[in-house]
Amino acid sequence: MENIIDKIKTVNDFNFKNKVALVRVDFNVPVDRSKSSHKISDDTRIQYSIPTLKKIISDYGKIVLISHFGRPKGSLNRDHNSLKIIIPLLSKQLKIPIKFSDNCIGENVKKNVKMLKNKEILLLENLRFYKEEEEGNEKFALKLANLGDIYVNEAFSVSHRSHASISVIPKFFDQKKCIGLLMKKEIQSLNKVLGKNKKKPISILLGGSKIYSKIKIIESIIHFADNILIGGGMAYPFIKEKGGNVGNSIVIEKDENEKTKRILKNIIEKCRKKNNLFFPKDVVIADSFHNHATKKIVSIYSIPNGWMGLDIASSSIKYFCDIINESNTIFWNGPLGVFEFPNFSLGTKSIAKAIANATERGAFSLVGGGDTISSLKIEKLEKKISYLSTGGGAMLESFKNQILPGIKAMISS
Ligand code: AMP
């Protein structure tokens with residue numbers, strides 16, 4: 001990870017005049033489908049790509065944008081997964097019209113690219129309409145590669161995937177490939193947690209509900225994290241494994257059980273020696289999954305049957321905040337409770353405040369994951385964090401596999 005950024009070019013190393021920049025972005029934005037109009041509910045990913053696109057346009061370059069959107073899994077689902085939905089917002093932010101091609105490969109796309117003038121942008125349809133994208137198919141990657149003169153990866157959040165547009169396309173560009181300005185920032189902030197100059201003690205706080213994928217990450221952070229704090233839905237499988245009664249709290253899906261139990265045991269054993277794994281002490285439990293459910297506070301080890309833990313309670317909050325206060329590097333992914341229910345949001349809010357305070361006194365804080373960032377925004381604390389990552393999953397994967405496939409592919413030989 002250490003010097004990786006020195007081996008990769010950025011958009012600032014190129015002059016895009018008269019060139020076609022094939023830019024891989026992540027426009028996989030959340031959409032509110034409850035209304036018939038289908039509105040984009042958070043445009044952060046579009047916003048963050050703007051500086052890179054503006055740099056290319058100001059050079060008098062031409063832009064071909066490629067992205068995935070949702071999970072059509074190789075089928076052409078234009079009703080739910082068309083990237084057309086992005087056009088109004090992107091056009092508004094860049095203050096120029098955006099051209100659209102209803103496919104990402106084929107003769108029509110080639111014609112559309114040929115007709116592009118300097119300072120124009122063409123957005124291609126969803127890459128995942130082709131199963132070849134997720135399969136990392138070389139022929140598909142080559143068809144895409146043929147559309148551009150310079151490849152730009154501005155999709156850090158997908159760089160842990162060995163997909164055609166991420167880790168295969170760069171092979172066809174030799175020296176003519178670079179990363180965008182956002183991707184550079186993401187790699188630099190990861191370096192502050194994983195690199196040689198990280199400031200210790202390092203605390204890694206994991207919550208949320210994607211238990212299985214995050215448990216695998218814990219195995220890889222044991223050796224470098226001084227403190228691993230486990231909260232939210234992530235805590236209950238551990239407590240169950242340690243012999244506690246977790247009632248109806250969230251645990252692991254059955255089919256993942258045996259494998260995950262082995263990993264859990266392994267983590268508990270390794271951390272016992274290092275004494276660096278911390279769990280909540282008391283939790284707020286509810287008799288149903290509802291904001292207005294009856295609630296009470298109990299030890300996390302003795303949750304009655306029929307009740308579920310939906311937040312961390314005051315002793316746990318103090319215990320976690322004290323550790324955060326003494327940390328100089330803090331990574332946080334996953335809320336400490338069901339923060340969407342105001343009655344179960346105190347734990348998440350308190351931790352967010354503690355991280356903001358630690359940052360104010362000089363600690364480096366890195367926060368990733370859509371829900372975690374939303375919880376910071378609710379408290380208006382997002383500006384008080386050193387860096388908010390657009391790629392929670394990619395960040396977590398970096399702990400496991402320090403050079404992600406999409407980053408490795410960008411190193412010029
Ligand atoms: P993740 O995507 O893994 O960060 O998970 C975020 C989700 O985890 C949020 O929607 C939270 O409501 C949920 N969550 C956090 N704590 C709990 C819990 N104790 N029980 C159930 N869901 C939880």
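Caption draft 1: Local environment of the packing of aromatic side chains. For the coordinates displayed, the defined rule picks out 9 aromatic pairs. Ring geometry for F278 and Y319: centres 6.0 Å apart, planes at 80 degrees, overall edge-to-face. Placement of the pair is F278 in strand β12 (residues 277-278) and Y319 in helix α12 (residues 314-325), with a sequence separation of 41 residues. Judged by centre distance (4.8 Å) and plane angle (85 degrees), the ring pair of F331 and F399 falls under edge-to-face.

Caption draft 2: Examining the domain arrangement of the protein chain more closely. Here the domain parsing of the protein chain yields domain 1 (4-184) and domain 2 (198-398). On a C-alpha basis, the centres of domain 1 and domain 2 stand 34 Å from each other. On the side of domain 2, 9 residues touch domain 1, which itself brings 9 residues to the contact. When the two sides are added together, the surface that domain 1 and domain 2 hide from each other amounts to roughly 690 Å², 64% of it contributed by carbon and sulfur. Remark: the boundary between domain 1 and domain 2 carries 0 salt bridges. Counting residues per element, the side of domain 1 that touches domain 2 draws most heavily on helix α1 (residues 44-58), which supplies 3 residues. In the side of domain 1 that touches domain 2, the residues fall into 3 nonpolar, 4 polar and 2 charged.

Caption draft 3: Representation of the pattern of salt bridges within the structure. Considering all chains together, one arrives at 14 salt bridges under this definition. One salt bridge connects R24 with E133, and the closest N-O pair in it is separated by 3.4 Å. Here R24, found in strand β1 (residues 20-25), pairs with E133, found in helix α5 (residues 131-135); they are 109 residues apart in sequence, far enough to count as distant. We note that R24, like E133, is buried. A salt bridge links R45 to D26; the shortest N-O distance between them is 3.5 Å. Placement of the pair is R45 in helix α1 and D26 in the loop between β1 and β2 (31-32), with a sequence separation of 19 residues.

Caption draft 4: Representation of the sheet that holds strand β19 (residues 387-389). Spatial ordering of the open sheet is given by β12-β10-β9-β17-β18-β19, a layout of 6 strands whose pairing is parallel. Looking at the sheet topology across the chains shown, the edges are occupied by β12 and β19. Bridge count between strand β18 (residues 364-368) and β19: 3 bridges; the pairing is parallel. Bridge pairing in β19 places G368 opposite S389. Taken strand by strand, helix α9 (residues 211-221) contacts β9 (202-206), β10 (227-230) and β17 (329-333), and its axis lies near 170 degrees from that of β9.

Caption draft 5: Structural context of unusual backbone geometry. A cis amide bond, omega -5 degrees, links K200 with the succeeding residue P201. Position of P201 among the secondary structure elements: in the loop between α8 (181-194) and β9. Of note, Y60 is a non-glycine position whose phi angle comes to about 70 degrees, a positive value. Of note, Y60 is situated in the loop between α1 and β4 (62-66). Overall, Y60 belongs to the partly exposed group, its relative accessible area being 43%.

Caption draft 6: Broad picture of the pairing of strand β16 (residues 308-312). Across the 5 residues of β16, 5 count as buried, placing the element largely inside the fold. Of the strand pairs in this sheet, strand β13 (residues 282-286) and β16 are connected by 4 bridges, and their pairing is antiparallel. Note that in β16 the partner of V284 across the bridge is D311.

Caption draft 7: Layout of the site of the ligand. Close contacts around the ligand come from 16 residues, with S209, K210, K214, G309 and E340 the closest. Backbone polar atom of S209 to an oxygen atom of the ligand: 3.0 Å apart, as the coordinates give it. Within the side chain of K214, an N or O atom sits 2.9 Å from an oxygen atom of the ligand. Protein contacts shield 88% of the accessible area of the ligand, which totals 510 Å² for the unbound molecule.

Caption draft 8: Expanded view of the sheet that holds β4. Read across the open sheet, the 6 strands follow the order β5-β6-β4-β1-β7-β8; overall the sheet is parallel. Looking at strand neighbours, the two that pair on one side only are β5 (99-101) and β8 (177-179), the edges of this open sheet. Put simply, the sheet's adjacent strands are angled 25 degrees from each other on average, direction ignored.

How each quantity is defined
Residues numbered from 1 in each chain as written. Predicted model: local features only at pLDDT ≥ 70, side-chain atom pairs only at ≥ 80, totals over all residues. Heavy atoms only, no water. Phe/Tyr/Trp six-rings, centres within 6.5 Å; stacked < 30°, edge-to-face > 60°. Helix = DSSP H or I, 4+ residues; strand = E, 2+ residues; numbered from the N terminus. Domains from an automatic or database assignment. Contact = heavy atoms within 4.5 Å. Buried area = accessible area lost by both parts, 1.4 Å probe. Salt bridge = Lys/Arg side-chain N within 4 Å of Asp/Glu carboxyl O. Nonpolar A, V, L, I, M, F, W, Y, C, P; charged D, E, K, R; others polar. Buried < 20%, exposed > 50% of the residue type's maximum accessible area, 1.4 Å probe, protein only. Pairing = 2+ DSSP bridges. Axes fitted to C-alpha atoms, helices over the stretch in contact; angles between N-to-C directions. Near = heavy atom within 4 Å. Polar contact = N/O pair within 3.5 Å; in protein donor to acceptor, adjacent residues only side chain to side chain. Areas by Shrake-Rupley, 256 points an atom, 1.4 Å probe, with all protein chains shown as cover.

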